Structure formats: structure tokens, C-alpha cells
Amino acid sequence: MVRRVAVIGAGVSGLVSTKCCLDEGLEPTCFERSEDIGGVWHYTDSTDSRRVSVYQSVITNTSKEMSCFSDFPYPEDFPSYLHHSLVLEYFRMYAQHFDLLQHIRFKTTVLSVRKHPDFATSGQWEVVTEIGGVQELHIFDAVMVCTGHYQEPYFPLASFPGINNRFKGQYLHSQEYKDVEAFRGKRVLVVGIGNTGGDLAVELSRVAAKVYLSARSSTWVFSRVSYHGFPFDMVHTTRFNHFLEWLLPSALMKRIKFRKFNSWFNHENYGLASIKSSNFKIIVNDELPFCLLSGTIVLKPKVKEFTESSAVFEDGTNEDNIDVVLFATGYIFTFPFLEESVRSLFDDNRSLYKRIFPPQLEKPTLAIIGLVQLTGSVMVGSEMQARWVTGIFAGWNKLPPTSTMMADVLKKKPPVKRHPSETENLKISFISYIDEIASCTGIKPSVLRLLLTDPQLALAIFFGPCTPYQYRLVGRGKWSGARDAILTQWQRTLKPLRTRVVDDFSNSSSSWHWLCLLALPVALTAGFLLSKYPRTGWS
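Residues numbered from 1 in each chain as written. Predicted model: local features only at pLDDT ≥ 70, side-chain atom pairs only at ≥ 80, totals over all residues. Heavy atoms only, no water.

Although it is not a glycine, Lys107 sits at a positive phi angle of roughly 50°. The class of Lys107 is exposed, set by a relative accessible area of 55%. In this structure, Arg355 is a non-glycine residue whose phi angle is positive, near 65°. Tracing the chain through its elements places Arg355 in the loop between α9 (340-343) and β20 (366-368). By relative accessible area, which is 3% here, Arg355 ends up buried. (Buried < 20%, exposed > 50% of the residue type's maximum accessible area, 1.4 Å probe, protein only. Helix = DSSP H or I, 4+ residues; strand = E, 2+ residues; numbered from the N terminus.)

Set out below in C-alpha cells:
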């Protein structure tokens with residue numbers, strides 16, 4: 001029987017794991033090596049290589065309604081897309097509201113996590129921590145590793161001949177980047193066009209003499225702002241769209257998505273991607289197209305090699321007088337505190353059952369929380385994982401046999417190991433994954449049942465954004481405020497914009513009611529099909 005749980009890390013995953021432990025009557029102890037909560041969202045100007053944090057200008061890529069904890073909405077006056085300081089403020093509110101701080105030991109480093117000698121029968125772990133130079137041994141019934149996937153910078157210098165023996169300029173990883181001042185007036189090459197690479201290139205273009213952005217794969221770019229000015233994820237991450245993806249051929253859905261991306265600007269004209277692209281990534285960036293159009297950023301192909309002051313690219317072109325090379329090449333995860341026999345069980349999150357459990361362990365008392373990469377908010381994914389895991393620890397839920405878990409892992413793990421910088425391609429469908437874990441936990445809402453009992457709510461769930469509150473309507477952890485949170489989510493989205501009202505919006509409400517009536521037969525059909533032929537496969 002699990003009672004005492006070690007939670008490693010007090011970032012997003014650690015906070016929600018601690019809270020879920022308390023919800024299940026468990027006794028969590030959260031170990032955080034820094035002096036505060038927040039993880040990567042706690043900005044610091046320190047360049048300590050052991051500490052990864054956001055840079056000064058970071059704004060969230062997912063909107064507040066789509067990335068909050070399911071029983072704790074963001075304040076309505078917070079903007080839809082948040083500066084990192086507001087995200088940290090929200091975490092403080094969450095920790096205070098649920099009285100989490102008393103369970104966190106700050107400035108405490110976890111040195112090792114090893115199986116207890118009788119692990120095969122007890123499932124217990126020996127955890128060694130250090131604080132102020134003093135080591136302490138603890139025995140825990142279970143461990144939740146909540147250190148995330150921003151752990152160790154991926155710095156592939158060997159793939160760039162000349163960078164560390166010929167190039168005379170400066171080079172650094174984006175983990176060391178804090179603000180623009182050190183780059184003012186310089187010629188900068190950014191290597192990597194993920195979300196970070198795109199953001200940094202745009203920011204540097206305002207002060208640098210010139211910015212070059214090197215991309216090794218096709219990239220589709222979309223804006224945070226979608227139809228009628230609403231947040232992109234609220235408009236597009238819906239059960240209705242998910243149903244269409246399930247219903248229509250994948251090739252057709254891909255063409256529809258590409259056309260949608262190209263409706264903003266033609267990506268082929270900008271050298272970013274074409275509709276024939278097979279290997280591609282999708283990033284969020286509101287300003288990159290204009291920077292390319294205005295010439296403040298120049299897009300380049302993959303770097304072939306470096307000379308003393310130049311970068312030579314695969315197409316044979318070169319750019320001279322490069323002062324700084326900024327590698328936005330992502331991160332790799334490492335768990336140095338885990339004993340080797342455990343760490344060797346998984347080489348990435350696809351080796352874990354449901355991206356959480358090492359399936360070969362004799363006892364399911366080790367969970368990796370927040371390592372999953374979704375097309376939506378990882379905060380929501382972490383909370384869903386934590387709810388399921390703590391239910392298993394508490395004994396009211398169970399995992400299938402090891403053979404079943406291993407078969408599931410092998411089915412979903414591709415045979416070819418991906419390049420660490422291609423993690424965008426490893427992202428899995430937000431709704432598919434969250435629904436699957438919710439089904440395991442018994443908290444997935446039934447649209448079909450709601451259509452019979454609460455049609456207004458059912459239509460909001462099916463056609464509206466798939467917000468986290470949906471997973472507090474039924475089952476264990478049901479929240480009485482979930483229905484109201486869903487029906488008022490658009491008001492909270494608009495609230496911070498209503499600083500100057502220019503018209504009467506009363507007609508929009510009646511239009512919505514007419515839309516709901518017209519949509520009713522569609523929702524009934526879709527609900528029936530999805531209940532009869534559930535889509536549970538994700539990769």
C-alpha cells in the first residue's frame with residue numbers, strides 16, 4: 001500500500017503531482033533544488049548550466065483557458081497569452097489555494113533514487129537528498145519524477161565542422177540566452193527553427209545588425225491569433241475538429257491543414273515549407289513572416305560547416321562576418337539520480353507505458369510526469385497524468401499486466417530513433433492523449449450522454465474548445481464549478497480586452513443559440529460514432 005510519495009521538482013508537474021497526492025489522501029514530500037517554485041517558468045538571469053529557465057521576453061504559446069489546471073481557472077483579468085511572470089504568479093496562487101508549500105523542501109537536491117532491497121515485494125525506494133552539504137536517506141513507497149524535458153541542452157557541435165576549432169566568433173546554446181543586450185549591433189546566426197529559434201530570431205532582429213535563421217526541415221508557422229481575433233488553440237482544438245480528423249482520410253486532413261496555414265501567407269514563397277513536405281514541424285510565431293518580408297531575418301538552409309568568420313550552408317551559399325552563433329537545438333532529458341538499472345529501461349518517453357510508467361518494473365511505484373510532448377499544453381497533460389498515477393498509488397485504479405503494457409509500448413514506438421532536435425515530430429494529439437488517460441482514470445466526459453441530459457453543455461464541449469474543465473465534470477475529483485467554467489470560458493477570454501467597449505455584443509448570444517440548434521444533429525451523429533468506434537490510437 002502506497003502512503004509516502006517523493007515528488008522530485010516543484011515546477012508545473014511537481015506542483016500538480018503534490019496536489020493530486022493530497023487529493024488521494026497520500027503523503028507527498030516535494031524536493032526542489034532551487035529556492036522557489038515554478039521550474040522553467042521561474043525566470044532567472046543566472047547562467048548556471050544546471051538551471052534552465054525561460055528568457056526575459058517569453059509569452060505562452062497556449063492560451064490561458066487551454067492551459068490552466070482543471071479545477072483552478074486563471075483570473076479573468078489575465079490576458080489570454082501570458083508573460084512568464086503572470087504564469088509564475090498563477091502557480092503561486094495555485095500553491096497557496098491548495099496549501100502546497102508546506103509539502104515542499106526547497107534548496108534540496110535529490111542525489112539518488114534506488115530500489116529498496118525488498119523492492120520486488122514492497123515497491124519502495126531509497127531516496128538520498130542533500131541540503132546545505134548534509135545528506136539524508138529517506139524511504140518512500142513511490143516516486144513521481146517531475147523534472148520535465150528541459151533538463152540538459154542538446155549541443156550537437158560534432159554536426160557542425162569548424163565550430164569549435166576554426167570559428168573565431170562566439171557560440172552558445174539558447175539555454176544561456178536571457179535578453180538582447182549582448183547581441184546589439186552584431187551579425188547573428190540562429191541554428192534551429194523550433195518555437196525557441198523563431199522567437200529568438202525575431203527578438204534579435206530588433207537590435208542585431210543582421211539575423212540569419214538556419215532551418216534543417218520544413219516549417220509551418222501559425223499565429224496565436226485566429227478567426228475573429230480569438231486564440232488559435234481555442235478555435236482549433238475542439239472535439240468537432242478531432243472528430244473530422246478521425247473521420248476523414250489523413251492525406252485529406254493534411255491538405256486541409258496546409259491550406260489553412262497558407263491562408264495566412266504562402267510558406268513556399270518564404271522558403272519555409274510546401275504542401276509536398278513530408279518531414280515538417282509546426283511552430284507558433286506572430287512576427288516571423290513580417291521579419292522575413294522586411295529582410296530583418298534571412299532564412300538559410302542547414303549549415304554545412306564554419307570557417308573563421310563565416311557559415312557555409314548546404315546549398316553552397318555562405319554568410320560572412322558572423323559574430324555569434326546561437327544554437328536553438330533543444331534539450332535532451334537525463335535522470336542522473338535514477339539508478340542505472342532503472343534508467344536503462346527507457347531511452348525516451350516512447351519506452352514508457354502511456355509516456356509515464358517503465359513497464360518492466362516489478363512494482364508500478366515509479367512515474368515520470370510531464371515528459372510527454374503534446375500539440376497542446378503540457379500543463380494539462382501533466383495534471384491528467386498525475387491524477388491517473390495517484391489513483392493507481394492510492395489503490396483504486398490498476399495497471400494492466402506487464403505483457404500488455406510492453407505490447408502497447410512496442411506498438412506505438414517507431415522503429416527508427418529520431419534526432420533529438422526533431423521532437424516536434426514526436427508530439428502527439430492533445431485530445432487523443434488526454435482522452436486516453438482520462439478514460440483510464442474514469443473522468444472522460446460522454447458527449448452523447450450529455451446531449452440527453454444537458455444539451456447546452458454537450459454542444460459547448462463538442463464544438464467549443466477542449467478546455468481542461470471538461471475533465472472535472474464526472475468521476476473521481478469531480479468539481480462543482482466545471483460546468484460554469486466551460487460555459488463562461490469565452491467571457492473570460494474577452495474580459496481583459498474590454499477596456500474600451502465600442503459596440504453592443506448582445507446579438508452574438510442569440511446567434512450562438514441558433515448555431516447550437518443547427519449543430520445538434522451533427523453532434524448526435526458524431527457522439528454515436530465516437531462511442532461505437534472510439535479512436536484510441538496515438539503515436
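This is not the end of the story, as more comes after the structure.
For any pair of aromatic rings, the description consists of the separation of the ring centres together with the inter-plane angle of the planes. Counted according to the given criterion, the structure contains 38 aromatic pairs. Pairing Tyr74 with Phe78 gives two aromatic rings, centres 6.2 Å apart and planes at 40°, and the pair type is tilted. Both rings, one in Phe160 and one in Phe306, keep their centres 6.4 Å apart while their planes meet at 50°; by these two values the pair is tilted. With Phe160 in the loop between β8 (152-153) and β9 (170-173) and Phe306 in strand β15 (residues 303-306), this pair connects stretches of sequence that are 146 residues apart. The structure contains a cluster of three or more aromatic residues connected by ring pairs, namely Phe69, Phe72, Tyr74, Phe78, Tyr90, Phe91, Tyr94 and Phe98. Above the plane of the ring of Phe140 lies Arg4, whose end atom (NZ or CZ) is 4.5 Å from the centre. The ring of Tyr81 is capped by Arg224, whose NZ or CZ atom sits 5.9 Å from the centre of that ring. (Phe/Tyr/Trp six-rings, centres within 6.5 Å; stacked < 30°, edge-to-face > 60°. Lys NZ or Arg CZ within 6 Å of the ring centre and 35° of its normal.)

Looking at the assigned domains, one finds that the chain contains domain 1 (152-223 + 264-331) and domain 2 (430-497). Relative placement of domain 1 and domain 2: their C-alpha centres are 40 Å apart. (Domains from an automatic or database assignment.)

Let's shift gears to helix α2 (residues 84-97). Relative to the 20 Å expected for 14 residues at 1.5 Å per residue, α2 spans 20 Å between its end C-alpha atoms, a close match to the ideal helical length. Among the residues making up α2, those that are buried are His84, Val87, Leu88, Tyr90, Phe91, Tyr94 and Ala95. End-on view of α2: buried residues confined to an arc of 155°, all on one side of the axis. Away from its buried face by more than 90 degrees, α2 exposes Gln96 and His97. For α2, the secondary structure elements touched by its buried residues are α1 (12-23) and α10 (378-394). Taken from the residues just after α2, Asp99 is the one with a positive phi, measuring 55°. (Expected span 1.5 Å × (residues − 1). Arc of directions from axis to C-beta. Contact = heavy atoms within 4.5 Å.)

Side-chain positions along a regular strand alternate between the two faces of the sheet. Among the five residues that make up strand β1 (residues 4-8), four are buried, leaving the element largely enclosed by the rest of the structure. Note that β1 and strand β2 (residues 27-31) share five bridges and pair parallel. Paired with Val7 across the bridge in β2 is Cys30. Note on the crossover from β1 through α1 to β2: the handedness is right-handed. As paired elements, β1 and strand β7 (residues 142-145) share four bridges and run parallel to each other. By the bridge assignment for β7, Ile8 is matched with Val145. (Pairing = 2+ DSSP bridges. Right-handed = clockwise from strand over helix to strand, strands pointing away.)

Further remarks concern the sheet that holds strand β17 (residues 318-319). Strand order across the open sheet formed by three strands is β15-β16-β17, with antiparallel pairing between neighbours. Edge positions in the sheet fall to β15 and β17, since each has one partner strand and no second. Sheet analysis places strand β16 (residues 311-313) next to β17, joined by two bridges and oriented antiparallel. Note that in β17 the partner of Ala311 across the bridge is Glu319.

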